[in-house]
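# Structure assessment
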Amino acid sequence: MFGIWCGKDATVTIVEDFSIAFLRIRKDMIASILKHRLYGTVGVAYGLGVDFDARAVYCIKHPETGKLSYNEAVGQEHLEKHSEDSCSLGEDGSMTYRMYDGTEYPLVLAEEIHMEDFGKKTPVDPALTVAQRMALWNVGQWFAYDDGYLGADIGTQRYSIYFEISLKDELFLYCRVGQNGYCEKGWAMRSTTCIRHMECRMIEDNLQTLQEYKPMEECFVADGCAFPSDGGWYWSVKEVTDDVIYLNGCGDVTYEIHRKQ
């Protein structure tokens, strides 16, 4: 049951300890739900609006103390209601995500996840291309929390699923589904669903994310990032070593992809 599942209006990612779901409830309402195997539903973010004419409502629950943090009372209601959500597998290998009110989201498997891959070490292998190394080294997962902070990430060779809400200094809210694309010139990520403080979007037909994302090599920019027409974020290769691949991020930032040792 571990994997990434996609439907026309939803993406659901399930690993051993937690899951992250993205649901388009209506055109101007997208929800992201973070649920932990031991602690239950610990985070909900709602994007209200379309594209950059939007706002976010959220609620996070400290897994150990149960302390709630939210910006509007309805955020707490969303968290409580989505605690009743469930998933079920069909005999044909499909999945159905069932929301608390009975709304169903039919899903198909986009990528199977093998939990052992997250902890697998990657030896130095000169035979691997730069693209193959980035795809392997980017595989990972984490779940973290603190007072006023909740975050989780699932990275596979094809997808990057992210949920983070922080109230530490100022509000930071970023929940996203991305498709990974690699080539010898760099790493591109196509953001297909995104909820941020002033952003709310999901591609019109989310089933398109079942298709492999291949970046346009001619769109990578030396010494910088690029945002071409395919909707991807392009980060070009800056330097390659046996242990780290350095990429040109935006705003003179350097991104690093580390080999698992």
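First things first, this report covers the structure right here in the doc. (Residues numbered from 1 in each chain as written. Predicted model: local features only at pLDDT ≥ 70, side-chain atom pairs only at ≥ 80, totals over all residues. Heavy atoms only, no water.)

Turning to the nonpolar core, a few remarks are in order. Counting residues in hydrophobic clusters, the biggest one holds 32 residues, and the most contacted among them are Ile20, Leu34, Ile154, Ile161 and Leu173. Look past the residues within four positions of Leu34 in its chain and what remains in contact with it is Phe18, Ser19, Ile20, Gly40, Thr41, Val42, Gly43, Phe143, Leu150, Ala152 and Phe163. Counting 20 residues, the second largest nonpolar core, distinct from the first, contains Ala10, Ala21, Val44 and Leu79. (Core = buried A, V, L, I, M, F, W, Y, C linked by side-chain atoms within 4.5 Å. Buried < 20%, exposed > 50% of the residue type's maximum accessible area, 1.4 Å probe, protein only. Contact = heavy atoms within 4.5 Å.)

Within this structure, the stated rule accounts for eleven salt bridges. Linking Lys67 and Asp147 is a salt bridge whose minimum nitrogen-to-oxygen distance equals 3.2 Å. A residue pair is termed long-range when its members are at least 10 positions apart, and Lys67 in the loop between β6 (53-61) and β7 (68-70) and Asp147 in the loop between β11 (140-146) and β12 (149-155) qualify at 80 residues. As a salt-bridge pair, Lys120 and Asp117 come within 3.1 Å of each other at their nearest N and O atoms. On the basis of relative accessibility, which here comes to 45%, the residue Lys120 falls in the partly exposed class. Judged by relative accessible area, which is 29%, Asp117 ranks as partly exposed. Connected through shared salt-bridge partners, Arg196, Glu199 and Arg201 make up one network. (Salt bridge = Lys/Arg side-chain N within 4 Å of Asp/Glu carboxyl O. Helix = DSSP H or I, 4+ residues; strand = E, 2+ residues; numbered from the N terminus.)

One open sheet accounts for ten strands, arranged β7-β6-β5-β4-β3-β2-β1-β10-β9-β8; its pairing is antiparallel. The open sheet is flanked by β7 and β8 (86-89), the only strands paired with a single partner. Here the strands of the sheet are splayed against their neighbours by 20 degrees on average, with no regard to which way each runs. (Pairing = 2+ DSSP bridges. Axes fitted to C-alpha atoms, helices over the stretch in contact; angles between N-to-C directions.)

Here the structure, examined in full by the defined rule, presents one disulfide. The disulfide bridge from Cys225 ends at Cys250, spanning 2.1 Å between sulfur atoms. Residues Cys225 and Cys250 are joined by a disulfide whose S-S torsion is about 125 degrees; by sign, that bridge is right-handed. Taken together, the residues Cys225 in strand β17 (residues 225-226) and Cys250 in the loop between β19 (244-248) and β20 (254-258) connect sequence positions 25 residues apart. Owing to a relative accessible area of 26%, Cys250 belongs among the partly exposed residues under this scheme. The cysteine Cys59 is free of any disulfide, with Cys175 supplying the nearest cysteine sulfur at 13 Å. (Disulfide = S-S within 2.5 Å.)

Right, let's talk about unusual backbone geometry for a bit. One non-glycine residue with positive phi stands out, namely Asp223, at about 65 degrees. With respect to the helices and strands, Asp223 occurs in the loop between β16 (199-202) and β17. Asp223 gets classed as exposed once you look at its relative accessible area, which sits at 69%. A positive phi is found at Asp252, a non-glycine position, where the angle reads about 65 degrees. Looking at the secondary structure, you find Asp252 in the loop between β19 and β20.

Glancing now at the packing of aromatic side chains. Per the counting criterion, the structure on display carries eleven aromatic pairs. Between Tyr162 and Tyr174 the ring centres are 5.7 Å apart and the planes differ by 50 degrees, which places this aromatic pair in the tilted class. Here the residue Tyr162 occupies a position in strand β13 (residues 159-166), and Tyr174 occupies one in strand β14 (residues 172-183), the gap between them amounting to twelve residues. Of the two residues, Tyr162 and Tyr174, neither departs from the other in class, the shared state being buried. (Phe/Tyr/Trp six-rings, centres within 6.5 Å; stacked < 30°, edge-to-face > 60°.)

To continue, consider helix α2 (residues 130-137). Of all eight residues in α2, six are buried, a share of seventy percent or more. Here α2 has its buried residues at Val130, Ala131, Arg133, Met134, Ala135 and Trp137. Buried residues along α2 sit in contact with β14, β15 (186-196), β18 (232-240), β19 and β20.

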